[in-house]
Amino acid sequence: MEYRYLGHSGLKISEITYGNWLTHGSQVENDVATQCVHAALDSGITTFDTADVYANTVAEQVLGDALKGQRRESLEIFTKVYFPTGPKGPNDTGLSRKHIMESIEGSLRRLGTDYVDLYQAHRYDVETPLEETMQAFADVVRQGKALYIGVSEWTAEQLRAGHALAKELGIQLISNQPQYNMLWRVIEPEVVPASEELGISQIVWSPLAQGVLSGKYRPGEAPPQGSRATDAAGGAKTIEKYLDEDILSSVQHLHPIAEDHGLTVAQLAIAWVLHHPNVASALVGASRPEQIQSNVAAAGVTLDSSTMEAIDSAVGHLAVDDATLTSSPPERLT
Ligand code: NDP
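Below: a short report on this structure. Fair warning: this is a prediction, and the values are worked out from it, not measured in the lab.

**Considering the pairing of strand β6 (residues 116-121)**
- Burial runs high along β6: six of the six residues are buried.
- Crossover handedness for the path strand β5 (residues 76-81) to helix α3 (residues 97-111) to β6: right-handed.
- Looking at chain direction, β6 and strand β7 (residues 146-151) are connected through five bridges and run parallel. Bridge pairing in β7 links Leu118 to Tyr148.

**Brief notes about the site of the ligand**
- Taken together, 33 residues form the shell around the ligand, and within it Asp49, Ser206, Lys216, Arg228 and Ser287 come nearest.
- Contacts to the ligand include Leu208, whose backbone N or O atom sits 2.9 Å from an oxygen atom.
- Ser287 is positioned such that a nitrogen or oxygen atom in its side chain is 2.6 Å from an oxygen atom of the ligand.
- When the ligand is considered free in solution it has 920 Å² of accessible area, and contact with the protein chains removes 95% of it.
- Elements with a minimum of two residues in the shell around the ligand: β10 (279-284) and α11 (289-295).

**Focus: the pattern of salt bridges**
- This structure, assessed with the given rule, holds twelve salt bridges.
- Residue Asp49 pairs with Lys80 through a salt bridge whose shortest N-O separation is 2.7 Å. You can see Asp49 sitting in strand β4 (residues 47-49) and its partner Lys80 sitting in strand β5, a full 31 residues away along the chain. Lys80 matches Asp49 in its accessibility class, with the two residues each being buried.
- Its salt-bridge partner being Arg110, residue Glu60 comes within 2.7 Å of it at the nearest N-O pair. Residue Glu60 is located in helix α2 (residues 58-67), and its partner Arg110 is located in helix α3; the two are separated by 50 residues in the primary sequence.
- For Arg110, a relative accessible area of 13% gives the class buried.

Definitions and limits used
- Residues numbered from 1 in each chain as written.
- Predicted model: local features only at pLDDT ≥ 70, side-chain atom pairs only at ≥ 80, totals over all residues.
- Heavy atoms only, no water.
- Buried < 20%, exposed > 50% of the residue type's maximum accessible area, 1.4 Å probe, protein only.
- Helix = DSSP H or I, 4+ residues; strand = E, 2+ residues; numbered from the N terminus.
- Right-handed = clockwise from strand over helix to strand, strands pointing away.
- Pairing = 2+ DSSP bridges.
- Near = heavy atom within 4 Å.
- Polar contact = N/O pair within 3.5 Å; in protein donor to acceptor, adjacent residues only side chain to side chain.
- Areas by Shrake-Rupley, 256 points an atom, 1.4 Å probe, with all protein chains shown as cover.
- Salt bridge = Lys/Arg side-chain N within 4 Å of Asp/Glu carboxyl O.

Quick look at the structure:
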């Protein structure tokens, strides 16, 4: 495993972060979830990402249980706040002071830890003054319940405003968590340049386009049994946008490129996001331990310019790079 600094900070995280969206507390049984976490640890992964909203708080509990007994100082544990949880009342959502101060308590309890390394705003809250949100985050940091602050899917303008307030309050906003992969590149025009200027790294989600960039979904064929595309609990719905015949056909052209480098297509896709210097870590999910064991081999792989060009020839024409697609809900969800 290789490690990178997270933003302009002294915190190092593993190039591959293990995340548990849609899997823990949902698609995957708890014993398999624990095996995945242990496979991640055995592979040198030290960074784990979850959110209070995953499986309506159960995913945090499953991750906390799986990490029990590990040396806390050897882990970086990240979670998030914003989306509605629990009974989903009017204050069980958003980035108000009330919801942040209460949510951190629940997350720490479920994760079985006194602090998280990174506490992230899961989206931008258009209904709460940003000053209120950043003051609450500053208090969470001063109480020692989080060490650093991050955000997710914020625009360049939102990152600038949040970063300025964080600086004023004496806390570190060091990361953004956007979707980024060979097919979804909307952070490139605006979010990445602003982040580079501000000292913010990207921790990128769905680097495999939810499994599509492993090449296992073949055009004209039914999805493999047990894959996310067959997961009625939620996965089948979320992966839908990538199960397009043009995408699936083009992805097949990645096989020879990966083979030339002794990589699987999934490893190539992860190495592709890590090629970007503003990306600190690829946030990968897994429904079974073998996936993690294989995917970690992407850490430390360097891709030369001719390989990057070959990848673009295969799938670049389908890549979405419209900066306006970085957005948060136009109103708080309940
Ligand atoms: P990926 O793109 O890495 O997809 C992971 C899924 O792909 C796995 O669950 C598995 O699904 C399949 N897969 C993984 N490895 C392989 C392999 N080697 N061969 C074949 N299939 C494979 O990421 P996710 O979409 O799961 O997102 C990763 C993490 O990002 C989340 O857990 C979460 O922490 C974070 N995230 C953050 C969001 C945000 O808003 N901030 C939003 C979404 C995710 P299967 O076996 O079931 O097909």
